[in-house]
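Single-letter residue listing:
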Amino acid sequence: MNRTPSQFKILASENVADRRLRRTFQSATSHALGQRAQSVQLVPEWEDLRERAHRIKEEAVENLDFYLEKLEASVIRRGGRVFWARDASEASSYVVDLCRRLQASTVVKSKSMAAEEIGLTDALEAAGVEPVETDLGEFIIQVAGETPSHIIAPALHMTRQQIGSLFHEKFGIPYTDVPAELCAFARQRLRREFLSARLGISGVNFAAADTGTIAIVENEGNARLCTSLPRVHLAIMGLEKVIPRFSDLPLFLRLLARSSTGQRQTSYVSMISGPRREGEWDGPEEFHLVLLDNGRSDILADPRVRRSLYCIRCGACLNTCPIYQRVGGHSYGSVYSGPIGSVLTPLFQGLEVAKDLPFASSLCGSCSNICPVKIDLHHQLLWLREKLVSGRATPWQERLAMSLFAAGMKDPALYRMGSALLRLLLRVSGRTDRPFTVPGWSPTRDFPALAATSFKQWWEDNRQPGEGP
Amino acid sequence: MNGSREVVLRRIRRALLRSGPGHGQEQGSPDRVQSTPGQVGSTRLFDRFQEQSARVGGEPRVCSDIEDALAGMQDLIARAGYGRVAVSDHEICRRHRLAQRLSELLPEVSVWREEGDAETQGSRRQNSRRLAQADLSVTGADFLIAESGTVLLASAGSSRQISLLPTAHLVLATPDQVYPDLGAVFRQLGSAPEDGLLPAALTMITGPSRTADIEKVLIKGAHGPVRQLTWLVEEEGQLS
Ligand code: SF4
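Residues numbered from 1 in each chain as written. Chains lettered and ligands numbered in written order. Predicted model: local features only at pLDDT ≥ 70, side-chain atom pairs only at ≥ 80, totals over all residues. Heavy atoms only, no water.

**Focus: the interface of chain B and chain A**
Now for step 1: Across the boundary between the two partners, chain B contributes 86 residues, which contact 103 residues of chain A.
Now for step 2: Taken together, both faces of the contact between chain B and chain A bury some 7900 Å²; the carbon and sulfur share is 53%.
Now for step 3: On the chain B side of the interface with chain A, the three residues burying the most area are Arg160(B), Asp213(B) and His223(B), jointly 10% of the side's total.
Now for step 4: Joining chain B to chain A, the criterion identifies eight salt bridges.
Now for step 5: A salt bridge links Arg160(A) to Glu215(B), with the shortest nitrogen-to-oxygen separation between them at 2.8 Å.
Now for step 6: Between the two partners, chain B and chain A, sit 40 residue pairs in polar contact (both at pLDDT 80 or more).
Now for step 7: Counting residues per element, the side of chain B that touches chain A draws most heavily on helix 1 (residues 5-15) of chain B, at eight residues.
Now for step 8: Broken down by class, the residue content of the side of chain B that touches chain A amounts to 34 nonpolar, 31 polar and 21 charged.
Now for step 9: As paired elements, strand 9 (residues 268-273) of chain A and strand 9 (residues 201-205) of chain B share five bridges and run antiparallel to each other. Bridged to Ser270(A) within strand 9 of chain B is Thr203(B). (Contact = heavy atoms within 4.5 Å. Buried area = accessible area lost by both parts, 1.4 Å probe. Salt bridge = Lys/Arg side-chain N within 4 Å of Asp/Glu carboxyl O. Polar contact = N/O pair within 3.5 Å; in protein donor to acceptor, adjacent residues only side chain to side chain. Helix = DSSP H or I, 4+ residues; strand = E, 2+ residues; numbered from the N terminus. Nonpolar A, V, L, I, M, F, W, Y, C, P; charged D, E, K, R; others polar. Pairing = 2+ DSSP bridges.)

Here it is in structure tokens:
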């Protein structure tokens, strides 16, 4: 299924109408938020940590050229190779060429947003190489021919029954909808791939410039398998993943684990510095690091959105976003969803293509409050809106409504009259539960019941003497 | 091969409104979390480790000495019915000839040591295949982190796979290896890790492998070990 960000309104209304999906997203996001809140509560210096992380990211991004060159030198010193890719096709061809040289017919892959962003699996398939997704959620959606719906939990939108039928149909195993059995099957099947693949591809959570160390955070162990069994390991990262120092890692690891899943530490963190060293039992003989630009330098050029490059992809802003909670990840039609997706997608793919995304926000600011690196997401969304709206005419209905609203809000008498008129109209029409039919609005929303008296009236009747007006 | 290097760097410099190369601040940023050195109060530290490890499904315990640990292993292997056991070449395993003693104690179990020639591809591949068949692996540790119940393993002392492929992974740790938090471990790793002291892989392990990708149901043993056990061998600390 090919979704694009230009379809946001259509996709969102489809997904909102799907009650099961809506419940799934609402319960999953609120669960994740609860876990996060619990673990953050245990860190009294949390705000201080956020502030420091913000400053370190700022240092890295404001001196991006310096730290990338430093990273490159460190990786080379450790015997690794670095490839700079200006766009998706350059990065993909590098990986394809590597597969050709290794005569690799399959590659094992762990989760990487950057790889998804550039459509790496499609490029590999087109070149006759079979990319095997090994993260359980990614594996499931790859088999289903789907795309991820959440940064941390890609198959969040699927039920165990759907997955059971899928495995039954595709692999001919007896139907089961017991999660542990489905997982055990995937484990066994993927083990074979790990033991025979010549190339393992991973993402990067952080890359320390001073030591050339990349850190990969995960719970399943598939990234560990991808980076230690195959003969060659290729890691792909967006330019912005670089951090100045190895000693910055503890801070970011703490922030990431707690923000994304509420864990103190994920099950595994791999800190990899170059290929296998002499005398070591295993590990890849070659280590390749792909540094991906693909639009990032353009984002860097606009100081008002530059801070979106601080993102550590924790997913917390998705979970807390009232829009995301309702429309789900697929509505955004892009690899990046939620508030950060609404900022990045228009920047990566063009404002016109993704013009609805900056508006897919209530500007409540919850995303900015939760962000572990303190990105002012809602300001960035506002700025994108401004860019979109300036120079474009708004429909006359909206202008009329807005000027009436403005007039009413400025004049108490007018306000009173307007609200009395509205109440009267509603009562006369006898439709206080669903008074208006507004296309694109009313079918999936319940209109709140009309109170017996207006607040103004209630205040007048209930106010104690001496209380304010 | 690196055709776009200059292009990308030029774009970045233009974006930052700079003509020449930038420079970092080069200031250190040590983790500011207060911590005490590992050796001090390590029993109390291990209490915290146990608490945290158990929270995430790990199986920590204290053994008085290596004999106690051996008895525990015998029991563990018998109870779980493990038939194949791999032992790493870590110092603690070597010093106590663990592999040999285990196979003497449990003649029906196949026990082997990860040792010898790692320099040919063939022997490395064979090692992988064998480890993939193992029910249990026994290794040492490099650091334990009390705050999160984490074991840190460097690729220098053992393979990366020995703690990853078997169904269960048992770590034998010593009191001097317990540190309060990750920041303290990083300080121990050296203020100038760029010297090349870092092994190719440092792995932090916190509890068993897990996933919640199917309907958020927590499952242990997604790709890595289903069980993760960490035993502190108390007497060892006094020896070293
Ligand atoms: S923008 Fe902030 S909260 Fe959202 S994913 Fe990135 S780091 Fe997490």
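Now that the structure has been shown, the text picks up again.
**Topic: the sheet that holds strand 7 (residues 168-173) of chain B**
Residue and element names in this part refer to chain B.
Now for step 1: Strand order in the open sheet formed by six strands is 1-12-7-4-2-3, with parallel pairing between adjacent strands. Lying at the two open borders of the sheet, with one neighbouring strand each, are strand 1 (59-63) and strand 3 (110-113). Put simply, the sheet's adjacent strands are angled 20° from each other on average, direction ignored.
Now for step 2: Along the sheet, helix 3 (residues 66-80) makes contact with strand 1, strand 2 (84-87), strand 4 (136-139), strand 7 and strand 12 (227-233), crossing strand 12 at roughly 160°. (Axes fitted to C-alpha atoms, helices over the stretch in contact; angles between N-to-C directions.)

**A word on helix 1 (residues 8-17) of chain A**
All names here are of chain A.
Now for step 1: For helix 1, every residue scored as buried is listed here: Phe8, Leu11, Ala12, Asn15 and Val16. Projected onto a plane normal to the axis of helix 1, the buried residues spread over an arc of 130° and lie on a single side. In helix 1, the exposed residues that point more than 90 degrees away from the buried face are Lys9 and Ile10. (Buried < 20%, exposed > 50% of the residue type's maximum accessible area, 1.4 Å probe, protein only. Arc of directions from axis to C-beta.)

**Here's the deal with the site of the ligand**
Now for step 1: For the ligand, the full set of nearby residues is Cys311(A), Ile312(A), Arg313(A), Cys314(A), Gly315(A), Cys317(A), Ile340(A), Cys371(A), Pro372(A), Val373(A), Ile375(A) and Leu377(A).
Now for step 2: In terms of residue class, the shell around the ligand is made up of 10 nonpolar, one polar and one charged. (Near = heavy atom within 4 Å.)

**Things to note about the sheet that holds strand 8 (residues 242-243) of chain A**
Now for step 1: Strand order in this open sheet of eight strands is 8(A)-5(A)-6(A)-9(A)-9(B)-6(B)-5(B)-8(B), and the pairing throughout is mixed. One side of each edge strand has no neighbouring strand; the edge strands of this open sheet are strand 8 of chain A together with strand 8 (178-179) of chain B.
Now for step 2: Seen against the sheet, helix 7 (residues 182-189) of chain B touches strand 9 of chain A together with strand 5 (143-145), strand 6 (150-154), strand 8 and strand 9 of chain B and runs at an angle of roughly 155° to strand 5 of chain B.

**Notes on a nonpolar patch on the surface**
Residue and element names in this part refer to chain A.
Now for step 1: Where nonpolar side chains cluster on the molecular surface, the patch consists of Met402, Phe405, Met409 and Tyr415 and spans about 470 Å² of accessible area.
Now for step 2: Take the nonpolar patch: its biggest share by element is three residues, from helix 19 (residues 396-410).
Now for step 3: With respect to the helices and strands, methionine 402 occurs in helix 19. (Patch = residues over 30% accessible without salt bridge, like charges linked within 9 Å, V, L, I, M, F, W, Y side chains within 5 Å. Areas by Shrake-Rupley, 256 points an atom, 1.4 Å probe, with all protein chains shown as cover.)

**A few points about the side chain of Asp135(A)**
Now for step 1: One can find Asp135(A) in the loop between strand 3 (130-133) and helix 8 (136-144).
Now for step 2: A distance of 3.1 Å separates a polar side-chain atom of Asp135(A) from the backbone nitrogen of Gly137(A).

**Brief notes about the environment of Ala28(A)**
Now for step 1: By the secondary structure assignment, Ala28(A) is in helix 2 (residues 19-41).
Now for step 2: Residues Ala28(A) and Phe185(A) lie 157 residues apart in sequence; the distance between their C-alpha atoms is 24 Å.
Now for step 3: Dropping the residues within four chain positions of it, Ala28(A) is found in contact with Leu156(A) and Lys216(B).

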